Amino acid sequence: MDSIVIEGGQRLTGSIRINGAKNAGLLIQCAALLTDQPTTLRHVPKLADTRTMAKLLRHLGCEVEGERTMQIDPRGVAAGPLEATYDLVKTMRASVTVMGPLLARYGRARVSLPGGCAIGARPIDQHLKGLEALGATIDLRHGYVELRADRLRGGSFVFDTVTVGGTQNVMMAATLAKGASRLENVAREPEVEELACVLTKMGARIRGAGTSVIEIEGVDTLHGVDHAIIPDRIEAGTLAVAAALTQGDVLLEDAPVDHMHSVIGKLQEAGVQCTYEPDGLRVVGPDVLRPIDVSTRPYPGFPTDMQAQIMVLAACANGQSLITETIFENRFMHVPELARMGADIHVNGHCAVIRGPARLSGTTVMATDLRASASLVLAGLVAQGRTEIRRVYHLDRGYETIEERLRPLGAKIERRHDAPA
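On a predicted model such as this, the values are computed, not experimentally measured, just so you know.

Calculation rules
Residues numbered from 1 in each chain as written. Predicted model: local features only at pLDDT ≥ 70, side-chain atom pairs only at ≥ 80, totals over all residues. Heavy atoms only, no water. Salt bridge = Lys/Arg side-chain N within 4 Å of Asp/Glu carboxyl O. Helix = DSSP H or I, 4+ residues; strand = E, 2+ residues; numbered from the N terminus. Buried < 20%, exposed > 50% of the residue type's maximum accessible area, 1.4 Å probe, protein only. Pairing = 2+ DSSP bridges. Axes fitted to C-alpha atoms, helices over the stretch in contact; angles between N-to-C directions. Parallel < 35°, antiparallel > 145°, perpendicular 65-115°, else oblique. Left-handed = near helix turned anticlockwise from the far one by under 90°. Contact = heavy atoms within 4.5 Å. 1 Å grid on protein atoms, 1.4 Å probe; cavity = no way out; pocket = protein on both sides within 12 Å on 5 of 7 lines; lining within 4 Å. Points joined across faces, edges and corners; volume = space filled by probe spheres on them. Nonpolar A, V, L, I, M, F, W, Y, C, P; charged D, E, K, R; others polar. Phe/Tyr/Trp six-rings, centres within 6.5 Å; stacked < 30°, edge-to-face > 60°. Lys NZ or Arg CZ within 6 Å of the ring centre and 35° of its normal. Core = buried A, V, L, I, M, F, W, Y, C linked by side-chain atoms within 4.5 Å. pLDDT = per-residue confidence, 0-100.

(A) Region of the structure containing the pattern of salt bridges. Under the criterion given, the structure shown has 33 salt bridges. One salt bridge connects D2 with R415, and the closest N-O pair in it is separated by 3.1 Å. Linking D2 in the segment before β1 (3-7) with R415 in strand β24 (residues 412-416), this pair joins segments that are 413 residues apart in sequence. What makes D2 partly exposed here is its relative accessible area of 23%. We note a salt bridge from D36 to R105, for which the minimum N-O separation is 3.7 Å. Within this pair, whereas D36 is found in the loop between α1 (22-31) and β3 (39-42), its partner R105 is found in helix α4 (residues 99-106), the two being separated by 69 residues in sequence. Using a relative accessible area of 39% as the deciding quantity, one classes D36 as partly exposed. What you see here is one network of salt bridges that share partners, running through E83, R110, D139, R141 and E146.

Right, dumping it as structure tokens:
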């Protein structure tokens, strides 16, 4: 099992190009199931999750070639099993979003229930209720969801809670439904807009993506596309925090600044200099960080996927900060590991009080989930001495060879193989 080892205290300088967005790319891979024509995706990040999705598509009958530029040929799916097995779904929750495309295109699907995960249960009831509103018949048997519909029909559905995956799943299904659909209280994330953009290029008729109401006029068929995935706002935010923590000066090339206003705003509150440049976003860290108060919210609010990273910034700030997590019920699992490094953090329910500035010191820590892994890397960059982060397979799900990308900026970081579990 791999680990990441960091010698802290290095100032990050230079430029780094932001990779394609994981959370957009995974759903666009799924969207390729809606047509019988090949699709080409460009700017695909080389991540464990994108490889897992490609494996699932192959299991379903697709031919998938390439990584950075990926060709997906779905013509063999009709003869495939139309099933996402437990072994695939348990490693990546986004696998359940093949339900909508399979049901819409082939009239049936069998998908394993994802179960819980490290950051909370995250049930898929909103996915299923939305598909039922479009005419799907759903049975739950032996840990699997079995869905059938001769052809989905347009319908109206109001999501009980805002869900990105649920919005995307039902939206994809509605593109091939007979008649018009209206989805209310939908997610407004850029990844939802990106999926709608791709579906529209495929021939779908979608209005309202990026607002709280999406309207879809179903069509009979969709066609393949050639599409470049948008840059990853969470990777850009993570690297921005790295520059800020290390008193660095880093240009984030192609950073999607229009999707990062909440993160940039909090960095600026902390005293970080963020400058929009033609090539991207320049981030310059201050000598002294100011404390901040953060509450995670659905987009355009502060993203839950940046909560762990901004907590490291708060730990190093001069004063008391407050972070409130409103999205997931169990997303403070990084706190004990940061505390072992010297952070002063007290959790009470959904709130964490952080008193700084902490003098972080390197030690051995354990990653518990994707964004917790990123927070430990950030802490290691500013900690005195050596930090070893174990179970970095979590990190590899959302950050492409982070050690190779940070080294040119001046970080002393390396990957070691065969580390203890």
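Still more to cover.
(B) Local environment of the sheet that holds strand β12 (residues 205-207). Across the sheet, four strands lie side by side as β10-β11-β13-β12; this open sheet has mixed pairing. Looking at strand neighbours, the two that pair on one side only are β10 (156-158) and β12, the edges of this open sheet. Going from strand to strand, the sheet's axes swing by 15° on average, the running direction of each strand aside. Bridge count for β10 against strand β11 (residues 180-184) is three bridges, and the pairing is parallel.

(C) Region of the structure containing the packing of helix α8 (residues 233-245) against helix α12 (residues 370-382). The geometry of α8 relative to α12 is characterised by a closest axis approach of 9 Å and an angle of 20° between their N-to-C directions. With respect to α12, the element α8 is oriented roughly parallel. The two elements α8 and α12 cross, and the hand of that crossing is right-handed. Contacts between α8 and α12 involve I234, T238, V241, A242 and L245 from the first element and R371, A374, L378, L381 and V382 from the second.

(D) Structural detail: the sheet that holds strand β7 (residues 108-112). The strand order β6-β7-β9-β8 describes an open sheet built from four strands, whose pairing is mixed. Each having just a single partner strand, β6 (83-84) and β8 (137-141) make up the two edges of the open sheet. Taken together, the two bridges between β6 and β7 define a ladder with parallel strand orientation. Its bridge partner being in β7, E83 is matched across the sheet by R110. Running at roughly 160° to β7, α4 makes contact with β7 and β9 (144-148) of the sheet.

(E) Inspection of the pairing of strand β23 (residues 386-390) at higher detail. Burial of β23 is extensive: four of the five residues sit out of reach of the surface. Two elements, β1 and β23, share five bridges in a ladder whose sense is antiparallel. Bridged to V5 within β23 is E388. Sheet analysis places strand β22 (residues 364-366) next to β23, joined by three bridges and oriented parallel. Bridged to M366 within β23 is R390.

(F) The arrangement of the environment of D418 in detail. Mapped onto the elements, D418 comes out in the segment after β24. Look at D418 and you get exposed, because its relative accessible area is 71%. With 200 residues separating them along the chain, D418 and G218 place their C-alpha atoms 51 Å apart. Residues in contact with D418, not counting those within four places in the same chain, are M1 and D2.

(G) A look at the layout of surface pockets. Its volume calculated, the second largest pocket comes out at about 410 Å³. If you go around the second largest pocket, you meet 18 residues; those closest to its centre are L245, Q247, C316, A358 and V382. Tallied by class, residues from the lining of the second largest pocket come to 10 nonpolar, five polar and three charged.

(H) Inspection of the pairing of β24 at higher detail. Only one face of β24 is covered, namely the face carrying I413 and R415; the face carrying K412, E414 and R416 is uncovered. In the sheet, β1 pairs with β24 via five bridges, with the strands oriented antiparallel. Looking at the pairing, E7 lines up with K412 of β24.

(I) Quick look at the packing of aromatic side chains. In the structure shown here, the tally under the stated rule is one aromatic pair. Ring centres of F157 and F159 lie 4.8 Å apart, and the angle between their planes is 80°; this geometry places the pair in the edge-to-face category. Considered together, F157 and F159 belong to a single accessibility category, that of buried residues. Between the NZ or CZ atom of R105 and the centre of the ring of Y106, over which it lies, the distance is 5.1 Å. The residue whose ring lies beneath R110 is Y144, and the NZ or CZ to ring-centre distance is 3.9 Å.

(J) Focus on the nonpolar core. Of all hydrophobic cores here, the largest spans 72 residues; its most connected members are L34, V98, M99, L147, L152, M171 and L199. The greatest single-element share of this core, amounting to six residues, is contributed by α1. Non-local contacts of M171, meaning those with residues more than four positions away in its chain, are made with L183, V192, L195, A196, L199, I206, I214 and I216. The next biggest cluster of nonpolar side chains, apart from the first, holds 70 residues, and it includes A244, V272, A317 and L376.

(K) Structural detail: the confidence of the model for the chain. Looking at the chain, pLDDT values average 95 and 97% of them are 70 or higher. Confidence drops under pLDDT 50 across residues 116-121; counting only partners more than four residues distant or on other chains, this segment forms 16 contacts.

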